[in-house]
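Given next are the chains, with one letter for each unit.
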Amino acid sequence: MDYLKELEGKRLHDHFEAKMAAKTTRRRIFVPGPVIVGAGPSGLAAAACLKEKGIPSLILERANCIASLWQLKTYDRLRLHLPKHFCELILMPFPSDFPTYPTKQQFLAYLNAYAEHFDLKPVFNMTVVSARFDSRCGLWFVKTLGLKNEETEYVCQWLIVATGENAEEVVPEFEGVDEFGGPILHTSSYKSGELFRGKKVLVVGCGNSGMEVCLDLCNYNASPSLVVKDSVHILPQEILGISTFGLSIWLLKWFPMRLVDHFLLLVSRLMFGDTAQFGINRPERGPLELKSMTGKTPVLDIGTLAKIKTGHIRVCKAIKQLKHQAVEFIDGKVEHFDAIIFATGYKSNVTSWLKETNMFSEKNGLPRKPFPNGWKGECGLYSVGLTQRGLLGASLDARRIAEDIEHSWKAEATHFMAFTACALPPTPPPQP
Ligand SMILES: Cc1cc2nc3c(=O)[nH]c(=O)nc-3n(C[C@H](O)[C@H](O)[C@H](O)COP(=O)(O)OP(=O)(O)OC[C@H]3O[C@@H](n4cnc5c(N)ncnc54)[C@H](O)[C@@H]3O)c2cc1C
Ligand SMILES: NC(=O)C1=CN([C@@H]2O[C@H](COP(=O)(O)OP(=O)(O)OC[C@H]3O[C@@H](n4cnc5c(N)ncnc54)[C@H](OP(=O)(O)O)[C@@H]3O)[C@@H](O)[C@H]2O)C=CC1
Ligand SMILES: O=C(O)C(=O)Cc1c[nH]c2ccccc12
């Protein structure tokens, strides 16, 4: 079967090569199996599930390593904030000696072992700049740029989008940015509070990143202030030693979401008091309902709230504008700051390169179909890890995608064998 696929690939490849050579020097490569865009946990999980079914795939990655978000864009003190069994990739558990909340280094070691175990070898420094389906030949044409801007076009029957929900940083624009004069960075380039000792730092955004960066700054004797523009749900990471996330999933099996939300809010109130008294209002919808409707993840508190209560972290209103070494807030207050850290999150980049408008929303670059149906599009297009369900969701997508492609992969092979059987001269009758 592999041989037939290769043969088919080679014929197409030769045909394209000949056609292209006449026009440009661009490389065109036919890929017999699926092309996966992105070598993060989602892309790796998809490739592993395919490999398990004997289907080869090709992963294209813009960075020079696997899991570039974790490797290059996260801070030193990061740990998984959900217990490890909710974060392991399909087909390979975490080592049993890992703690409940593995560190970033442990998670990366696991991902490296995962790639090695399944012999996954992504093509690095390959940025996908466009992917287009040609209905005449029923194939995807995936254009990439290499480090020296050299163009390569990969041609394939299946395309798996695994570029993540955190592909590009979101940085809001403010009047006066050029005047500020001090360091302004996004959490994706923050490593630790070391550089900010003794400094007044404004952290903009109160998701899990903003909250943890504030705590880290405190631990390095910086003075952080946190901008809370609207509202946020802060939940304890654990309730009586049980992970809030795990408990929620278990409760949701028995009770409606609204009731579970009431429970979570009651416990949070008992443990934290009313967060509004520290300037942190809760959204009208409950934490799980909000997550399922908008994707907004509740903050799991790992000690930041205690620092807010003691006044080590101050809470500020939304920003009006930046001034020289200062910030003006919407309540009219102006305060001095040495540095600003944007913890304003990330967005998908799918709509910038995927030339297809049915499967992905132009608004947020995520699948239009809600979970659990967002993984499959048309014409061999798939998506893994874009359902706002974290690593657990990525594993579910990966499994479904591999099962689905397995069907068409087998059908293709049968079809191809039938084709070659007709095209080849009949087998001579066996000699007596
Ligand atoms: C600080 C932080 C902590 C997190 N902690 C958790 C957690 O504890 N539990 C959890 O479940 N989730 C967590 N998440 C959510 C996160 O989305 C997942 O952990 C995970 O990284 C998702 O994997 P992914 O492969 O979908 O995306 P990514 O890890 O972002 O990988 C996508 C890859 O695609 C590549 N890429 C993007 N565009 C292109 C292109 N055009 N061409 C080629 N390659 C491209 C990127 O370089 C990247 O390597 C966390 C996120 C952050 C930011
Ligand atoms: N330990 C862990 O496992 C960690 C996990 N994560 C995960 O990583 C992902 C990304 O998290 P994170 O980087 O925190 O991003 P998020 O998107 O979760 O949070 C961004 C925050 O910035 C706020 N914001 C956006 N624009 C502005 C603005 N102009 N002014 C003020 N605030 C603004 C948003 O508020 P609003 O929504 O109201 O617009 C939101 O509260 C999440 O899935 C998160 O759970 C992150 C850190 C640690
Ligand atoms: O880290 C994320 O953003 C996730 O999607 C996983 C996740 C972390 N905390 C949660 C709380 C409710 C639902 C999902 C998550």
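All chains use their own residue numbering, which begins from 1 and follows the written sequence. By the order in which they are written, chains take letters starting at A while ligands take numbers starting at 1. Residue-level local features of this predicted model are given only where pLDDT is at least 70; pairs of side-chain atoms are given and counted only at 80 or more, and the full residue set underlies all totals for whole chains, interfaces and linings. Heavy atoms from the whole structure form the basis of all side-chain values; hydrogens and water molecules are not counted.

## A few points about the state of the cysteines
A disulfide bridge is the covalent bond that connects two cysteines by way of their sulfur atoms.
Then, in step 1: Note on terminology: disulfide denotes any pair of cysteine sulfur atoms within 2.5 Å. Under the definition given, this model contains 0 disulfides.
Then, in step 2: The cysteine Cys-65 is free of any disulfide, with Cys-87 supplying the nearest cysteine sulfur at 20 Å.
Then, in step 3: On the accessibility criterion, Cys-65 (12% relative accessible area) is buried. Whether a residue is buried, partly exposed or exposed follows from its accessible area with a 1.4 Å probe, protein chains only, as a fraction of its type maximum: under 20%, in between, or over 50%, in that order.

## A look at the pattern of salt bridges
Then, in step 1: Whenever a carboxyl oxygen of Asp or Glu lies within 4 Å of a side-chain nitrogen of Lys or Arg, that contact is scored as a salt bridge. Throughout the structure, instances matching the rule amount to 22 salt bridges.
Then, in step 2: For the salt bridge of Asp-119 with Lys-121, the shortest nitrogen-to-oxygen distance reads 2.4 Å.
Then, in step 3: The partly exposed category is assigned to Asp-119, whose relative accessible area is 43%.
Then, in step 4: Its relative accessible area of 64% is what places Lys-121 among the exposed residues.

## Comments concerning the site of ligand 2
Then, in step 1: Taken together, the neighbourhood of ligand 2 is formed by 23 residues, with Tyr-75, Arg-79, His-81, Asn-208 and Ser-209 sitting nearest.
Then, in step 2: In this structure, an oxygen atom belonging to ligand 2 sits 3.3 Å away from a side-chain N or O atom of Lys-229.
Then, in step 3: Note on areas: Shrake-Rupley with a 1.4 Å probe; residue coverage comes only from the protein chains shown. For ligand 2, whose free accessible area comes to 920 Å², the fraction covered by protein is 75%.
Then, in step 4: Per-class residue counts for the shell around ligand 2 are 10 nonpolar, 8 polar and 5 charged.
Then, in step 5: Composition of the shell around ligand 2 by domain shows at least three residues from each of domain 1 (23-167 + 348-412) and domain 2 (170-346). Proximity is defined per residue: any heavy atom of the residue falling within 4 Å of a molecule or strand makes that residue near it. Polar contacts, as used here, are pairs of N or O atoms within 3.5 Å; protein pairs need one atom able to donate a hydrogen and one able to accept it. Residues neighboring in sequence count only if both atoms are side-chain atoms. Three residue categories are used. Nonpolar comprises Ala, Val, Leu, Ile, Met, Phe, Trp, Tyr, Cys and Pro, charged comprises Asp, Glu, Lys and Arg, and polar comprises the others, including Gly. Where each domain starts and ends comes from a domain assignment, either automatic or drawn from a database.

## Remarks on the environment of Arg-400
Then, in step 1: Relative to the helices and strands, Arg-400 resides in helix H12 (residues 390-423).
Then, in step 2: Residue Arg-400 is classed as partly exposed on the basis of its relative accessible area of 24%.
Then, in step 3: C-alpha of Arg-400 to C-alpha of Pro-56: the two residues are 344 residues apart in sequence and 16 Å apart in space. In DSSP terms, a helix is any run of H or I states spanning at least four residues, a strand is any run of E spanning at least two, and both are numbered starting from the N terminus.

## Quick look at the site of ligand 3
Then, in step 1: All residues adjacent to ligand 3 are His-81, Leu-82, Phe-245, Lys-291, Thr-297, Pro-298, Gln-388, Arg-389 and Gly-390.
Then, in step 2: Measuring from an oxygen atom of ligand 3, one finds a side-chain N or O atom of Thr-297 at 3.1 Å.
Then, in step 3: One of the backbone N or O atoms of Gly-390 is found 3.2 Å from an oxygen atom in ligand 3.
Then, in step 4: Protein chains bury 76% of the 350 Å² of accessible surface belonging to ligand 3 in isolation.
Then, in step 5: Looking at the shell around ligand 3 residue by residue, the class counts come to 3 nonpolar, 4 polar and 2 charged.

## Here's the deal with helix H7 (residues 244-254)
Then, in step 1: Within the sequence span of H7, burial applies to Thr-244, Gly-246, Leu-247, Ser-248 and Leu-251.
Then, in step 2: Here, residues are in contact when the closest pair of their heavy atoms is within 4.5 Å. Close packing links the buried residues of H7 with strand E12 (234-236), strand E13 (238-239), strand E14 (242-243), helix H8 (257-272) and helix H9 (287-294).

## Considering the sheet that holds strand E11 (residues 223-227)
Then, in step 1: With parallel pairing, the 5 strands of this open sheet are ordered in space as E9-E20-E10-E11-E16. Edge strands, defined here as strands with exactly one partner in the open sheet, are strand E9 (184-186) and strand E16 (314-316). Averaged over neighbouring strand pairs, the angle between their axes works out to 25 degrees when direction is ignored.
Then, in step 2: Examined bridge by bridge, E11 and E16 share 3 bridges and lie parallel to one another. The residue bridging Ser-225 from the neighbouring strand is Arg-314, located in E16.
Then, in step 3: Here the axes come from fitting lines to C-alpha atoms, over the contacting stretch only for helices, and the angles between their N-to-C directions go from 0 to 180 degrees. Where helix H6 (residues 208-219) meets the sheet, it contacts strand E10 (200-204), E11 and strand E20 (339-342), and its direction lies at approximately 165 degrees from that of E11. What makes two strands pair is DSSP finding at least two bridges between them.

## Let's talk about the packing of aromatic side chains
Then, in step 1: Aromatic rings from Phe, Tyr and Trp, taking only the six-membered ring of Trp, are treated as a pair when their centres fall within 6.5 Å; an angle between ring planes under 30 degrees marks them as stacked, one over 60 as edge-to-face, and anything in between as tilted. Within this structure, the stated rule accounts for 15 aromatic pairs.
Then, in step 2: Residues Phe-86 and Phe-245 carry aromatic rings whose centres are separated by 5.0 Å and whose planes lie at 80 degrees to one another, so their mutual orientation is edge-to-face. In this pair, Phe-86 is assigned in the loop between helix H3 (68-72) and helix H4 (104-117) and Phe-245 in helix H7, connecting sequence segments 159 residues apart.
Then, in step 3: A network of ring pairs unites the aromatic residues Trp-70, Phe-94, Phe-98, Phe-107, Tyr-110, Tyr-114 and Phe-118 as a single cluster.
Then, in step 4: As a reminder, the over-ring test applies to NZ of lysine and CZ of arginine, requiring each to be within 6 Å of the ring centre and within 35 degrees of the ring normal. Across the ring face of Phe-337, the terminal group of Lys-200 is positioned such that the distance to the ring centre comes to 5.1 Å.

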